[in-house]
Protein chains: 2
Amino acid sequence: MAIETISVNLVTADALLRNWQGHRRLTRKTIEAFPEDKLFQFSVGGMRTFGEMAQELIAMAGPLVEGVATGKWATYEPAKVATKSELLRLWDAQTPQLEEKFPQIPPPRFWAVDKAFGQWEMSGLAMIQYAIENEIHHRGQGYVYLRSLGIEPPPFWERN
Amino acid sequence: MAIETISVNLVTADALLRNWQGHRRLTRKTIEAFPEDKLFQFSVGGMRTFGEMAQELIAMAGPLVEGVATGKWATYEPAKVATKSELLRLWDAQTPQLEEKFPQIPPPRFWAVDKAFGQWEMSGLAMIQYAIENEIHHRGQGYVYLRSLGIEPPPFWERN
């Protein structure tokens, strides 16, 4: 790779957070698109329901940013809720929490290698990227569930 | 966001390319996991087959990097192949092509706004990120197809 291009900086912390919150808005719309009775009951291929996947995303996002910021890791524990409104309430509570906590990550902590949640050994940045990519991955699976239910998923490119 | 954290640079061009190639290795394993007769015939919920999705990814990756590097955009046209080996051959041909072309992107081109493929108006960086996220999204859908076929998908966290 040409030296100049290799080392060019493309993504700032602010851009990474903006990208994540954009994805979180799309995932929220995907949760909303599920009928109440399907969110925690319907799945394809013996996989988890989309409600369970969303509980994983919630269990990861807030505690992850807290862990990267402070080096103190909670045990990973999926949220346990039974209704769409309760799930969306937890989701919405994390939005301002991420806005507040992310900027408090001391820059060196993005590169510090921790055992995240006591189990995944990687840098803070790698863990944050993993969480975002994991969200995109599972949301894509939610799209298949919605299509199987005859429901049009929200447009993938809309993040507002 | 604290000024210091807002502006900290997290992802270089090199790291972005490394991340993409890691995802491409996982997507390749996902293609490989499909039985020949299911890759272009099986889908869930009336969606496209995973073979068709992979053709979209191929149509995007190489020409996208070429377009970002040069400002010259080809018309978007999905690859047309009918067999797994032919699909993997196209996939593998793009791996060294990306390694060669990506480093030739002049740094200002990451921020230049083009009409990518004559239709999507965004910066080169946004288009590259979109392509990677689109790949993660569709690969997640391929995982549902595989599970529906009773096949274990490759581990999401393995990128080697």
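Everything here concerns the structure above.
Residues numbered from 1 in each chain as written. Chains lettered and ligands numbered in written order. Predicted model: local features only at pLDDT ≥ 70, side-chain atom pairs only at ≥ 80, totals over all residues. Heavy atoms only, no water.

The next thing to look at is the interface of chain B and chain A. Counting residues at the interface gives 43 residues for chain B, matched by 43 residues for chain A. Between chain B and chain A the total buried area reaches about 3,900 Å² when both faces are included, carbon and sulfur atoms providing 70% of it. Between Arg159 of chain A and Glu133 of chain B there is a salt bridge, with the nearest N and O atoms lying 3.4 Å from each other. Applying the counting rule to chain B against chain A returns 19 residue pairs in polar contact (both at pLDDT 80 or more). Ranked by residue count, the leading element in the side of chain B that touches chain A is helix H6 (residues 124-148) of chain B, at 14 residues. Across the side of chain B that touches chain A, the residue classes tally to 25 nonpolar, 13 polar and 5 charged. Where strand S1 (residues 9-12) of chain A lies against strand S1 (residues 9-12) of chain B, 3 bridges are found, and the strand directions are antiparallel. Along S1 of chain B, the bridge assignment pairs Val11 of chain A with Val11 of chain B. (Contact = heavy atoms within 4.5 Å. Buried area = accessible area lost by both parts, 1.4 Å probe. Salt bridge = Lys/Arg side-chain N within 4 Å of Asp/Glu carboxyl O. Polar contact = N/O pair within 3.5 Å; in protein donor to acceptor, adjacent residues only side chain to side chain. Helix = DSSP H or I, 4+ residues; strand = E, 2+ residues; numbered from the N terminus. Nonpolar A, V, L, I, M, F, W, Y, C, P; charged D, E, K, R; others polar. Pairing = 2+ DSSP bridges.)

Take the nonpolar core next. Among the nonpolar cores identified, the biggest contains 60 residues, and Trp20, Phe102 and Ile128 of chain A together with Trp20, Phe102 and Ile128 of chain B are the most heavily contacted of them. Residues within four places of Ile128 of chain B in sequence aside, it is in contact with Leu16, Trp20, Leu64, Val68, Phe102, Ile105 and Phe110 of chain B. Listed in part, the 37 residues of the second largest apolar core include Ile31 and Met53 of chain A together with Phe34 and Ile58 of chain B. (Core = buried A, V, L, I, M, F, W, Y, C linked by side-chain atoms within 4.5 Å. Buried < 20%, exposed > 50% of the residue type's maximum accessible area, 1.4 Å probe, protein only.)

Here the focus is the side chain of Arg24 of chain B. All names here are of chain B. In this fold, Arg24 is placed in helix H2 (residues 13-33). In this structure Arg24 is buried but unpaired, with Glu135 as the nearest side chain of opposite charge at 5.1 Å. A polar atom in the side chain of Arg24 sits 2.9 Å from the side chain of Thr95. Those residues in contact with Arg24, other than ones at most four positions away along the chain, are Trp91, Gln94, Thr95, Leu98 and Glu135. (Lys, Arg positive; Asp, Glu negative; His and termini not counted.)

This part is about the environment of Gly118 of chain B. Secondary-structure assignment places Gly118 of chain B in the loop between strand S2 (113-116) and strand S3 (120-123). Each C-alpha atom of the pair Gly118 of chain B and Tyr76 of chain B lies 8.1 Å from the other, and the pair is 42 residues apart in sequence.

Two chain copies here: they are related by a rotation about an axis and a translation along the same axis. The two copies are related by a screw motion: chain B maps onto chain A through a turn of 180° and a shift of 0.0 Å along the axis, at an RMSD of 0.0 Å. The superposition operator between the copies reduces to a two-fold rotation axis. Comparing interface residues between copies, 100% of those in chain B also lie at the interface in chain A; the contact surface is shared. (Least-squares fit on C-alpha atoms with pLDDT ≥ 70 in both.)

Moving on: the pattern of salt bridges. A full pass over the atoms with the stated rule returns 24 salt bridges over all chains. We note a salt bridge from Arg18 of chain B to Asp14 of chain B, for which the minimum N-O separation is 3.6 Å. Taken as a pair, Arg18 of chain B and Asp14 of chain B lie in helix H2 at a separation of 4 residues, close to a single helical turn. Judged by relative accessible area, which is 37%, Arg18 of chain B ranks as partly exposed. Overlapping salt bridges bring together Asp14, Arg18 and Glu99 of chain A as one network.

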